[in-house]
Amino acid sequence: MERAKQIIRKITRVKTIPEDLHETSLRRCLNTFDMTLLGIGHMIGAGIYVLTGTVVKKKAGPSAVLSYLFAGIAALLSALCYAEFGARVPKAGSAYSYTYVTIGEIWGFVIGWNIILEHMIGAASVARAWSGAVDSIFNGAIRNGTLTHIGHLSHDNQWISEYPDLLATAITIIVFVIVATGAKSSIHFNSAFTILNGVVIIFIVVAGFSHADGDYWRDNQYGGFFPFGFEGTLAGAASCFFAYIGFEGIAVSSEEARNPEKSVPIATLISLAVVTVLYMAVTSALTLMIPYFEVNMAAAFPDAFAAVGLQWAKYLVAIGTLLGMTSSLLGSAYSLPRSVYAMAEDGLLFRFLATVHPRTQTPVYSILIFGCLSAIMALFFEIDTLVEFMSIGTLTAYTIVAASIIIIRYLPVDKCQFQLKPEEAPATTEATSEENTEKSSIVRKSKSHDDFGKLRQSFREIPVLRRFDPGNGVVWAVVVLGLLLAGLSALMIYGYGELKEGAWWAVVVLVLLFILIVFFYMIIVAHEQNDAFVTFQIPLVPLLPVVSMLLNLMLMMSLTYITWIRLAIWMAVGFLMYFSYGVHFSRENRTPEGYGPMVEYHGDAALPDTNLATAMASDVKEQQPPRRDEGFF
């Protein structure tokens with residue numbers, strides 16, 4: 001039993017924040033404009049030119065306009081959570097770093113592992129789409145030539161591609177080489193492609209509306225606005241969420257931002273707003289030009305313009321397609337190695353992956369290895385398989401980040417790892433004053449700072465809740481609330497027919513879940529919230545994060561069961577790596593009872609550095625504030 005508790009303490013320990021939040025081996029060279037275009041470029045490519053045709057024809061019809069709106073709202077709520085953490089913890093790794101700091105190492109690893117999957121598959125899927133766009137310009141010559149000279153890989157296989165896509169592999173390698181040259185040069189490429197793509201998108205919208213026919217939305221002979229019902233609109237929203245995941249690239253790049261506290265939230269909100277408007281506009285234009293069932297999923301916009309007599313326009317749209325998907329591919333290729341770098345820097349992945357090239361200041365081994373893996377995926381896998389697999393990992397990350405926001409808002413100051421500024425610290429003991437002087441801070445003085453995480457005065461006599469240490473009651477309430485929201489999401493998705501027909505058991509379960517959700521929500525609200533942070537904060541906490549969790553879980557439930565199986569396999573591989581390597585070599589594993597000493601890597605060899613381990617042990621005892629190795633258990 002004691003051994004089990006020790007293991008739980010180890011895997012739920014939290015990341016210690018350095019004194020200087022801005023200290024990094026990477027180069028801080030990005031401004032708000034750079035990061036905004038990075039987010040727009042990452043989101044706008046494959047979403048418009050690849051995903052729109054599939055969602056319109058197979059899932060939602062004209063109501064795909066609402067699918068993008070719903071997905072955009074869900075993405076906005078998640079983006080607000082990312083923006084708050086990105087301003088508060090300006091480090092590479094995005095949701096991984098936020099979760100590690102807030103609720104523990106194992107959860108941070110789960111998120112980081114899913115983020116790696118997201119960007120790796122994102123790069124491969126966009127590369128496949130890029131290759132398909134080029135092939136459509138040459139009327140399928142590339143596909144036919146490959147099948148003639150190389151042959152088939154598979155026939156009607158859901159996993160493996162029909163033929164090896166050599167062009168997709170080549171463009172993936174080229175883009176990762178560009179990323180390896182440095183952050184600023186990568187951003188310059190991305191900005192140029194994004195701006196040119198924006199011009200093409202504006203043309204699509206204007207030309208599309210000039211050939212619009214409202215009967216395609218109104219007339220039942222064309223299926224009306226909801227040809228697949230509202231369920232189809234929701235299913236489309238789950239797929240459309242793929243189009244918004246690029247905003248996370250802004251948070252990933254925060255360690256290279258000049259002023260991350262301002263740039264991350266501003267760039268995130270602007271890019272999401274711009275992209276949502278563009279998605280809705282181009283989807284409206286497409287479904288008003290031709291009936292939804294005539295949309296060509298492989299080349300939706302070029303064929304639509306050809307159908308209305310604008311043959312020449314399809315070539316301009318093809319150019320825009322390549323520009324947009326190139327910027328999207330650059331976004332994934334830029335974010336992937338930085339996510340790997342963050343985990344390797346913390347010791348949860350092999351430490352050589354955190355090696356930064358002295359001239360380009362980029363994580364070279366991460367770029368090399370994971371760039372090759374993305375290229376191999378682009379060579380062998382179908383795009384539909386890649387997209388669905390990526391969506392579920394992304395939604396998992398977004399859900400846990402939203403939960404983390406609630407948790408950190410109700411932690412007492414000594415547990416959230418952000419202390420009062422020395423000049424604003426309240427007069428306490430001399431030891432406390434010296435301790436605060438040692439630490440950097442993003443927390444201002446608050447009248448109620450001593451009560452953060454405690455029950456409000458009027459609720460302090462509740463028998464069960466008063467037994468929890470400050471902050472822990474909220475943690476358990478969030479965990480239970482997350483499970484209840486998952487149950488509600490499953491009922492709404494899988495039991496929608498029974499609810500619609502008024503089945504008694506479905507109604508009873510719905511009412512019971514609703515009552516329990518409100519009950520545990522009120523437990524969270526009954527505690528004193530930490531309102532002393534000086535960086536960007538989400539309004540209406542815990543309401544907005546709870547709504548974000550619910551929307552993300554509903555989108556996850558809309559995905560196919562085979563996608564959940566793929567996720568389970570990926571996580572099994574991740575846990576094998578974590579428990580065999582990461583838990584032992586984590587930077588936080590530096591106390592006497594830890595699993596192993598810190599190691600320092602010299603070239604390819606990992607040598608125990610006893611001097612480093614001794615120095616760190618001394619730091620823990622003499623200089624560092626008490627750390628929460630015990631997590632919340």
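Residues numbered from 1 in each chain as written. Predicted model: local features only at pLDDT ≥ 70, side-chain atom pairs only at ≥ 80, totals over all residues. Heavy atoms only, no water.

J.: Summarise the overall build of the protein; cite the residues concerned and give the values.
T.: Along the backbone of the protein there are 24 helices and two strands. Counting all 633 residues of the protein, 57% fall into the buried class. Expressed as a percentage of contacts within the protein between residues at least 6 apart in sequence, the contacts between residues at least 24 apart total 82%. As presented, the protein carries roughly 25500 Å² of accessible surface, and 65% of it is formed by carbon and sulfur atoms. (Helix = DSSP H or I, 4+ residues; strand = E, 2+ residues; numbered from the N terminus. Buried < 20%, exposed > 50% of the residue type's maximum accessible area, 1.4 Å probe, protein only. Contact = heavy atoms within 4.5 Å. Areas by Shrake-Rupley, 256 points an atom, 1.4 Å probe, with all protein chains shown as cover.)

J.: Can you break down the confidence of the model for the protein residue by residue, with the values?
T.: When pLDDT is low, close inspection of the predicted coordinates is not appropriate. For the protein, the average pLDDT comes to 77, and 81% of its residues sit at 70 or higher. Per-element confidence in the protein is highest for helix H21 (residues 504-525), whose mean pLDDT is 92, and lowest for strand S2 (residues 605-608), whose mean pLDDT is 34. Confidence drops under a pLDDT of 50 for residues 418-441, and excluding neighbours within four residues, the segment shows 41 contacts in the predicted structure. Considering only residues more than four positions removed or in separate chains, one finds that residues 591-633, a stretch of pLDDT under 50, has 74 contacts. (pLDDT = per-residue confidence, 0-100.)

J.: How would you explain unusual backbone geometry if you had to name every residue and give the values?
T.: Cis rather than trans, the peptide bond between Val541 and Pro542 has omega equal to 10°. Structurally, the position occupied by Pro542 is in the loop between H21 and helix H22 (543-557). Even without a glycine there, the phi angle at Gln361 is positive, about 55°. Following the sequence through the fold, Gln361 ends up in the loop between helix H14 (313-345) and helix H15 (364-380).

J.: So, the pattern of salt bridges: which residues are in play, and what are the values?
T.: Tallying each qualifying case throughout the model produces four salt bridges. Between Arg218 and Asp215 there is a salt bridge, with its nearest N and O atoms 3.1 Å apart. With a gap of three residues between them, Arg218 and Asp215 both fall in helix H9 (residues 215-218), about one helical turn apart. By relative accessible area, Arg218 is classed as exposed at 61%. (Salt bridge = Lys/Arg side-chain N within 4 Å of Asp/Glu carboxyl O.)

J.: Outline helix H5 (residues 105-137), listing residues and values.
T.: The first and last C-alpha atoms of H5 sit 48 Å apart over 33 residues, in line with the 48 Å expected at 1.5 Å per residue. Most of H5 sits inside the fold, with 29 of its 33 residues counted as buried. Backbone geometry just downstream of H5 places Asn139 in the positive-phi region, at approximately 55°. (Expected span 1.5 Å × (residues − 1).)

J.: Break down the side chain of Arg409 for me, with residues and values.
T.: By the element assignment, Arg409 lies in helix H16 (residues 383-409). Overall, Arg409 belongs to the buried group, its relative accessible area being 3%. Here Arg409 is in contact with Glu84, Arg88, Gln529, Asn530, Gln537, Ile538 and Val541, once residues within four sequence places are set aside.

J.: I'd like a rundown of the packing of helix H19 (residues 472-494) against H22, residues and numbers included.
T.: Between H19 and H22, the least distance of the axes is 9 Å, while the angle of their chain directions is 45°. Classified by the angle between their axes, H19 and H22 sit oblique to one another. Seen from above, H19 lies across H22 with right-handed handedness. Between H19 and H22, the residues in contact are Leu481, Gly482, Leu485, Ala486, Leu488, Ser489, Ala490, Met492, Ile493 and Tyr494 and Val546, Met549, Leu550, Leu553, Met554 and Met557, respectively. (Axes fitted to C-alpha atoms, helices over the stretch in contact; angles between N-to-C directions. Parallel < 35°, antiparallel > 145°, perpendicular 65-115°, else oblique. Left-handed = near helix turned anticlockwise from the far one by under 90°.)

J.: Now, about the environment of Leu30: what can you tell me, with residues and values included?
T.: If you trace the backbone, Leu30 turns up in the loop between helix H1 (2-11) and helix H2 (32-60). Sequence separation between Leu30 and Ser263 is 233 residues, and the spatial gap between their C-alpha atoms is 8.9 Å. Contact partners of Leu30, with chain neighbours within four places excluded, come to Met35, Lys184, Ile187, Ser253, Glu256, Ala257, Arg258 and Tyr334.

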